[in-house]
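# What the coordinates show
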Amino acid sequence: MSTLAVHDHGVVHHEEGHEHHHKATFLNTYVFSQDHKYIAKQFLVTGIIMAFFAMVLSILFRIQLAYPDKTFPFLTTLLGHFAPNGRISADFYMSLVTIHGTIMVFFVLTAGLSGTFANLLIPLQVGARDMASPFVNMLSYWFFFAASIVMLSSFLVEKGPASGGWTIYPPLSALPKAMPGSGMGMTLWLISMVLFIASQLMGGINYISTVLNMRTKGMDLWKMPLTVWALFLTAVLGVLSFPVLVAGVVLLIFDRSFGTSFYLSDIVLNGQVQPYEGGSPILFQHLFWFLGHPEVYIIIMPAMGLSSEVLAVNSRKPIFGYHAMVYSLIGISVLSFIVWGHHMFVTGMNPFLGGVFMITTLIIAVPSAVKTFNWLATLWRGNIRFTPAMLFAIGMVSFFISGGLTGIFLGNAALDINLHDTYFVVAHFHLVMGSAAIFGMLAGVYHWFPKMYRRMMDERLGYLHFWLTFIGAYLVFFPMHFMGLDGVPRRYYAFTEFESMKRWLTVNVFITWAAIMAGIAQLAFAYNFIHSIFWGKKTVQNPWNANTLEWTAPIEHIHGNWHGEIPTVYRWAYDYSKPGHDEDFIPQNVPFSQTMSSNLPHDFEDNPAGLEEHAKWVDAQKANVAVK
Amino acid sequence: MGFKQLINSKKTQAFFAAFVLFGTNQLMAQTSAEGNATAVDKGAMWTGVAYNVLLILVGAVCVGIVGKILKVYDLTQKMQGKRGINWNTIMGVCCAIFLIAGLYGASWSLIVQGGMTLPQPGSAHGGLIDSMFTTTTILTLIVFFITQICLFGFAFFYRNSAKRKAHFLPHNNTIEKIWTIIPAIVLTILVVFGFFTWQKVMNSTEQKGDLNVDVTGHQFAWEIRYPGADGKLGPVNFKLSTPNNVLGVDFKDRRSMDDQSADTLVLPVNRVVRINIHAQDVIHSVYMPHFRVQLNAVPGLPTFFRFTPTITTEEMRKKLDDPKFEYLLYCNKICGAGHWNMQRVVRVVSQAEYQSWIARQKPYLNDQLRKELHFADAATPANSVKAVSNTLALNK
Ligand code: HEM
Ligand SMILES: [Cu+2]
Ligand SMILES: [Cu+2]
């Protein structure tokens, strides 16, 4: 019922024009907007700001790793007592890696990525006037905003932000005396995450109901673009897994503040016997990774969806194996719930359990491989147009391959014994998740910028941005594999105390400079982004000659997305370079009756009447030729 | 227009050179003044920061100018009726260049940096893990090179051309089945071997070792406890922990009496060692990469790892031609500010060396602890421990 009401709402609004009951004020247009297109931009800008912040944090700790013996007076000026005498303190180093990871994983690649593109693309690509519940959608953004503020505010706390790693394993995170960051900073971290999860749930429920209930006429599930499939399954994963993290976080809050022992047992801290008994630190890890593993797919699946779309549009070819792409997304979604134990092989969990998780983990590599091969096949014999978005999508595939392959090492419990928590893991997830997802996101930003801001981004700056970032990321993360294989642990403040690790110092210096270069390259993006919003070249209706519905909506943003009726969908989103058609694309809202010369029997698989028409037309053509 | 820009860029080049000179001076000044953070230093610091910011700005201006030049060139070409810059071709060629440079770089990294990784394993099960690793590496590298070559190769070969239309190929069930089944088979093989290797390494039916040692982690050190003459470690209870009895060993139990503490983890070669792993405050991880051993130390969840050292430290030093080589045990789970320096030397020695070493180790039950526990006969049992601990502590 409610979905119908929303439909009508849009139509009514359009017909009555501006006499609608709620007036457009500054507040409800630019701040508390309920328009999905505007909310998407809010998510994007917040996400980009958070990304820059987290990137600066990473540069700070990279400086420490490259120059563990040097002093940098400006660090003291910048960070005060967190960096006494020109050197980042060991405690603050831990805070840096923790908050860098948290912001990148949750605030940038979950909220910034899904929030932006689910909001922008789901209604526009399925043909809906807005989200199922625009109000809840607005709340979703503001909860995210509040979560961001709380997370950042932890830098203002005397003892510093949370510092137990982004996975916040108790007892370290549960005992305020165990490290400074486990005091107020950790409290703020937990509050921020609760707000964040609330935001994710509100967003996710909206995305799911919009996809399920509000598709335009003709848009059956198997005609949806892969972006929508990916964003939809991502939302399902989020809704099923984030509540488990809430449970874990609430129990942790109890342990911290109310003296319970869910995660604590047999503890002697700084010589003081603690009263906790009977809890299990491993329980938290189970709860955390039950979210944590689906979470990494929550991050990568939207990137996969966006890249699939960008690759198809710019290769001027249908995505290869559309059905296989959808089934592999579904397979990944289902399997991602039963592999979490691969993060816990060496926790002392029963070895048999480890064996089982190893089997499920390596199974998940199969759908991942299928997706990769299908992307390659999409490029094969294409007519590739190198827009910046296309380059980023290609980069995404390259990173996904490089990082995914190391997953096969880590997923093997026997190999993980020696690789767990080393730089090998850091290399693995920064390539497969960090870099691949950021590249998917950037591909999306470059591709849909005209839809969001009605202007084009500068291509040449995009090229510069791409190559510097792409090469930079490989230079940063590729050598880390070998550090990991030499047994160099992650989350170490310095490697100066280990004779065997000193020879990696030159590599660390190299990595830091590569990271700084890649960081500076982001300025090209920031400039391009801001400059193009105001002064970019105006876009045309369909700048990339793409098939999906969002490019049929007027360039001017209107509440309700389309003037008059929403277009009807007749075909899938990937009729690119179809033989027999004069142009190399056929938008989804073009009926088969207008494209007789390019129709294939295959197009009418579930439409016998259409097939008959098609057969007749073909016969007539043959007769025609015979007469001539 | 274009000419003017060029002059401009010459100017900036001169600027750039000046900055570089200035900057080196600046850096020199800083290194000499390092250490004493005075007010003068602060001034130098800000110039240093300003210098870096300016450098970035100059870089940005250069990029801007190059961009403008390209644009002007592009426009003039178009005005003369020629085709402008074909970015599709340029990017396609860039992909090809990246492919070649990348293949070279990846191979270089694999050979040079790959050569800096851990030496051959010093334990019996390490060989199993390493051969598993080699198999996986070979298989994944093949896939890595083929797929990356395809990716950038296709990008280069099928770059845009106005003359061509893309090949309409929505799907091909045969080939899709092939590339689902082949990875599935390869992964099944890896899983099966991995599973059995894992079972063998973590073997949970064989629980006993020839030698039992307790390793306990706390912020930020490892405590090592040997079982003494009876070959049995006494039980611990965290509630008994005091400054003299950090581990909380329960001395109501007779097995505790002869336990010994040590600073180095000394292990006899070719004997099955069982490391019992405990943590007192937060999670730590016992990591001994040379033996391919790792297991977390979790408060309230005692665990153990069984393995057999096969190469003595001395032999390893000869093999690596590194007289300073030591096996190490270090922490590999974030545990606080001191996480990065929580190590113990592990030394693998011959049977005879082990016995003479263990005889020299202090009893855990030292005099202070005796006083604390009100044990009457302060001196005698400690001596007797020394006397009997000359035999290898065998676990019954
Ligand atoms: C090809 C399939 C993959 C396999 C078999 C795999 C396997 C693993 C395993 C076993 C670990 C645990 C390593 C350890 O801590 O010792 C791990 C870590 C990780 N993986 Fe993957 N992975 C795969 C793909 C992915 C993807 C697609 C993503 C994200 C998009 C991802 C993100 C991560 C992250 C973030 C971690 C590290 C978490 C942490 O400890 O901080 N992985 N992976
Ligand atoms: Cu995982
Ligand atoms: Cu540690």
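Not measured: the values here are computed from a predicted model.

Each value, and the rule that gives it
Every chain begins its residue count from 1, and numbering advances along the sequence as written. In the order they appear in the text, chains get letters beginning with A and ligands get numbers beginning with 1. pLDDT decides what is reported in this predicted model: residues at 70 or higher carry local features, side-chain atom pairs at 80 or more are listed and counted, and totals for whole chains, interfaces and linings draw on all residues regardless. As a rule here, side-chain values cover all heavy atoms of the structure and leave hydrogens and water aside. Note on conventions: DSSP H or I runs of at least 4 residues are helices, E runs of at least 2 residues are strands, and numbering of each starts at the N terminus. Only C-alpha atoms enter the radius of gyration; for comparison, a globular chain is expected to reach 2.2 Å times N to the power 0.38, where N is the number of residues. The buried label applies to any residue whose accessible area, calculated with a 1.4 Å probe on protein chains only, is under 20% of its type's maximum; exposed applies above 50%, and partly exposed to all values in between. Throughout, a contact is declared for two residues whenever any of their heavy atoms are within 4.5 Å. For accessible areas, the Shrake-Rupley method is used with a probe of radius 1.4 Å. Any residue's cover is judged against the shown protein chains and nothing else. Residue proximity to a molecule or strand is established when one non-hydrogen atom of the residue lies within 4 Å of it. We call two N or O atoms a polar contact when they sit within 3.5 Å, provided that within protein one can donate a hydrogen and the other can accept it, with sequence-adjacent residues counted only if both atoms are side-chain atoms. Residues are grouped as follows: nonpolar covers Ala, Val, Leu, Ile, Met, Phe, Trp, Tyr, Cys and Pro; charged covers Asp, Glu, Lys and Arg; every other residue, Gly included, is treated as polar. The start and end points of each domain follow an automatic or database-based domain assignment. Computed with a 1.4 Å rolling probe, the buried area is the accessible surface lost when two parts are put together, summed over both parts. Basic side-chain nitrogens of Lys or Arg form a salt bridge, by our definition, when they fall within 4 Å of a carboxyl oxygen of Asp or Glu. Only nitrogen, oxygen and sulfur atoms qualify as donors, provided they sit within 2.8 Å of the metal or within 3.2 Å for Na, K and Ca; with water excluded from the atoms, sites may seem incomplete. Geometry is assigned from donor-metal-donor angles: four donors are tetrahedral when every angle falls between 85 and 135 degrees, four are square planar and six octahedral when opposite donors sit over 155 degrees apart with all other angles between 65 and 115, and any other arrangement is irregular. Patch membership is restricted to residues that have no salt bridge and whose relative accessible area is over 30%. Joining uses 9 Å for like charges and 5 Å for the nonpolar side chains Val, Leu, Ile, Met, Phe, Trp and Tyr. Only centres within 6.5 Å qualify two rings of Phe, Tyr or Trp (six-membered ring in Trp) as a pair; their planes then separate them into stacked at under 30 degrees, edge-to-face at over 60, and tilted for everything else. For a lysine, the NZ atom is tested; for an arginine, the CZ atom; a charge sits over a ring if that atom is within 6 Å of the ring centre and within 35 degrees of the ring normal. Two strands pair under a simple rule: DSSP has to find at least two bridges between them. To define axes, lines are fitted to C-alpha atoms, for helices over the stretch in contact only, and angles between the resulting N-to-C directions are given on a 0 to 180 degree scale. To estimate how far a helix should extend, the number of its residues minus one is multiplied by 1.5 Å. Known as pLDDT, the predictor's per-residue confidence is scaled from 0 to 100. Oblique is the label for any angle not covered by the other classes, which are roughly parallel (under 35 degrees), roughly antiparallel (over 145) and roughly perpendicular (65 to 115). Helix crossings are classified by the rotation of the near helix relative to the far one: an anticlockwise turn of less than a right angle makes the crossing left-handed, while a clockwise turn makes it right-handed.

This next bit is on the overall build of chain A. The helix and strand inventory of chain A stands at 17 helices and two strands. By the compact-globule yardstick of 25 Å for 628 residues, chain A fits well, its C-alpha radius of gyration being 26 Å. Along the first, second and third principal axes, the C-alpha atoms of chain A reach 95 × 55 × 50 Å. Sorting the 628 residues of chain A into buried and exposed places 67% on the buried side. When contacts within chain A are restricted to residue pairs at least 6 apart in sequence, long-range pairs at least 24 apart make up 76% of them. For chain A, the accessible surface area stands at approximately 21000 Å², while carbon and sulfur atoms represent 68% of it.

A word on the site of ligand 1. Residues and elements named next belong to chain A. Taken together, 21 residues lie around ligand 1, and Trp166, Asp416, His420, His428 and Arg490 are the ones closest in. Here an oxygen atom of ligand 1 sits 2.5 Å away from a polar atom, N or O, in the side chain of Asp416. At a separation of 2.7 Å, an oxygen atom of ligand 1 approaches a polar side-chain atom of His420. For the shell around ligand 1, the element with the most residues is helix 14 (residues 423-453), which contributes five residues. Each residue belonging to the shell around ligand 1 can be placed in one class, and the counts come to eleven nonpolar, eight polar and two charged.

All names here are of chain A. By domain assignment, chain A separates into domain 1 (2-535) and domain 2 (549-627). Relative placement of domain 1 and domain 2: their C-alpha centres are 38 Å apart. Contact with domain 1, which involves 38 residues of that partner, is made by 30 residues of domain 2. Buried area between domain 1 and domain 2, summed over both chains or domains, comes out near 3000 Å², and the portion from carbon and sulfur atoms is 54%. In terms of surface lost to domain 2, no three residues of domain 1 exceed Arg129, Arg316 and Lys451, which account for 24% of the buried area on that side.

With that out of the way, let us pick up the interface of chain B and chain A. Between chain B and chain A, the contact holds 108 residues from the first and 128 residues from the second. For the pair chain B and chain A, the summed buried area comes to about 10200 Å², and 71% of that belongs to carbon and sulfur atoms. Area buried by chain B at its contact with chain A is led by Phe168(B), Trp198(B) and Trp340(B), which between them contribute 9% of it. Between the two partners, chain B and chain A, sit two salt bridges. The closest approach of N and O atoms between Lys333(B) and Asp421(A), which form a salt bridge, is 2.7 Å. Applying the counting rule to chain B against chain A returns 34 residue pairs in polar contact (both at pLDDT 80 or more). When contributions to the side of chain B that touches chain A are tallied by element, the ones reaching two or more residues are helix 2 (39-79), helix 3 (87-113), helix 4 (124-157), helix 5 (173-202), strand 6 (284-288), strand 7 (293-297), strand 8 (303-307) and strand 9 (327-331) of chain B. Considering each element in turn, the side of chain B that touches chain A owes the most residues, 16 residues, to helix 5 of chain B. Split into classes, the residues belonging to the side of chain B that touches chain A amount to 61 nonpolar, 35 polar and twelve charged.

This next bit is on the coordination of the copper ion (ligand 3). Residues and elements named next belong to chain B. Ligation of the copper ion (ligand 3) by protein atoms is provided by Cys331 (SG), Lys333 (O), Cys335 (SG) and His339 (ND1), these donors lying 2.1 to 2.6 Å from the ion. Angles of 88 to 128° at the metal separate the four donor atoms of the copper ion (ligand 3), which places the site in the tetrahedral class. Motif for the copper ion (ligand 3), donor spacing along one chain: C-x1-K-x1-C-x3-H. When sorted by exposure, Lys333 lands in the same class as His339, which is buried.

Residues and elements named next belong to chain A. For the iron atom of ligand 1, the protein supplies a single donor, His428 (NE2), at a distance of 2.2 Å. Taken as a pair, the iron atom of ligand 1 and the copper ion (ligand 2) lie 4.6 Å from each other. Looking at where His428 falls in the secondary structure, it is placed in helix 14.

On the surface, Leu464(A), Leu468(A), Ile471(A), Leu475(A), Phe510(A), Met517(A) and Val63(B) cluster together into a nonpolar patch covering about 490 Å² of accessible area. Elements with a contribution of two residues or more to the nonpolar patch: helix 15 (459-485) and helix 16 (505-535) of chain A. Broken down by element, the nonpolar patch gets its largest block of residues, four residues, from helix 15 of chain A. Looking at the secondary structure, you find Ile471(A) in helix 15.

By the definition in use, this model includes 89 aromatic pairs over all chains. Taking the centre distance of 5.1 Å and the plane angle of 70° together, the rings of Trp142(A) and Phe145(A) count as edge-to-face. One end of the pair, Trp142(A), and the other, Phe145(A), are both in helix 6 (residues 134-153), three residues apart, so they sit about a helical turn from each other. On the basis of relative accessibility, which here comes to 31%, the residue Phe145(A) falls in the partly exposed class. Seen from the ring of Phe156(B), Arg159(B) lies directly overhead, with NZ or CZ sitting 4.5 Å from the centre.

Take the sheet that holds strand 4 (residues 265-268) of chain B next. Residues and elements named next belong to chain B. Strands sit in the order 4-10-9-6-7 across an open sheet of five strands; the sheet is mixed. Unpaired on one side and paired on the other, strand 4 and strand 7 mark the two borders of the sheet. On average, each strand axis in the sheet is tilted by 20° relative to the strand beside it, whichever way the strands run.

Residue and element names in this part refer to chain B. Taking 1.5 Å as the rise per residue, helix 5 with 30 residues should run 44 Å; its terminal C-alpha atoms sit 42 Å apart, in good agreement. Taken residue by residue, helix 5 has Glu176, Trp179, Pro183, Leu187, Leu190, Val191, Gly194, Phe195, Thr197, Trp198, Val201 and Met202 as its buried positions. For helix 5, the N-terminal cap is Asn172; the gap from its side-chain oxygen to the backbone nitrogen of Thr174 is 3.1 Å.

With that settled, consider helix 3 of chain B. All buried positions along helix 3 of chain B are accounted for by Trp87(B), Asn88(B), Met91(B), Gly92(B), Cys95(B), Ala96(B), Phe98(B), Leu99(B), Ala106(B), Ser109(B) and Gln113(B). Regarding helix 3 of chain B, its N-cap is Asn86(B), as a side-chain oxygen of that residue lies 3.1 Å from the backbone nitrogen of Asn88(B) further along.

Moving on: the confidence of the model for chain B. Where the model shows low pLDDT, its predicted coordinates should not be examined in detail. All names here are of chain B. With 84% of its residues at a pLDDT of 70 or more, chain B shows a mean pLDDT of 83. Ignoring residues within four places in sequence, the model shows residues 378-396, a span with pLDDT below 50, making 37 contacts including any to other chains. For this predicted complex, the interface confidence reaches an ipTM of 0.91, while the overall pTM sits at 0.90.

Looking now at the pairing of strand 10 (residues 343-349) of chain B. Residues and elements named next belong to chain B. Here four bridges tie strand 4 to strand 10, and the two strands are oriented parallel to one another. Of the residues in strand 10, the one forming a bridge with Leu265 is Val346. With four bridges joining them, strand 9 and strand 10 adopt antiparallel strand pairing. For Leu328, the partnering residue across the bridge sits in strand 10 and is Val345.

Time to look at the sheet that holds strand 1 (residues 211-218) of chain B. Residue and element names in this part refer to chain B. Here five strands make up an open sheet; going across it, the order is 3-2-1-5-8 and the pairing mixed. The sheet terminates laterally at strand 3 (260-262) and strand 8, the two strands that pair on one side only. Neighbour to neighbour, the strand axes of the sheet diverge by 25° on average, direction disregarded. Pairing of strand 1 with strand 2 (residues 221-226) involves five bridges; the strand directions are antiparallel. By the bridge assignment for strand 2, Thr216 is matched with Glu223. Of the strands in this sheet, strand 1, strand 2 and strand 3 are in contact with helix 7 (residues 351-359), which crosses strand 2 at around 100°.

Attention now goes to the packing of helix 12 (residues 388-410) of chain A against helix 14 of chain A. All names here are of chain A. Their axes nearest at 8 Å, the elements helix 12 and helix 14 cross at an angle of 160°. Considering their axes alone, helix 12 and helix 14 lie roughly antiparallel with respect to each other. You can see that helix 12 and helix 14 cross each other, and the crossing is left-handed. Here the residues of the contact of helix 12 with helix 14 are counted per class, giving 18 nonpolar, ten polar and no charged.

Here the focus is the pairing of strand 2 of chain B. Residue and element names in this part refer to chain B. Counting the residues between successive antiparallel strands, the hairpin from strand 1 to strand 2 contains two residues. Where strand 2 and strand 3 come together, three bridges link them in antiparallel fashion. Note on strand 3: the bridge partner recorded for Ile224 is Ala262.

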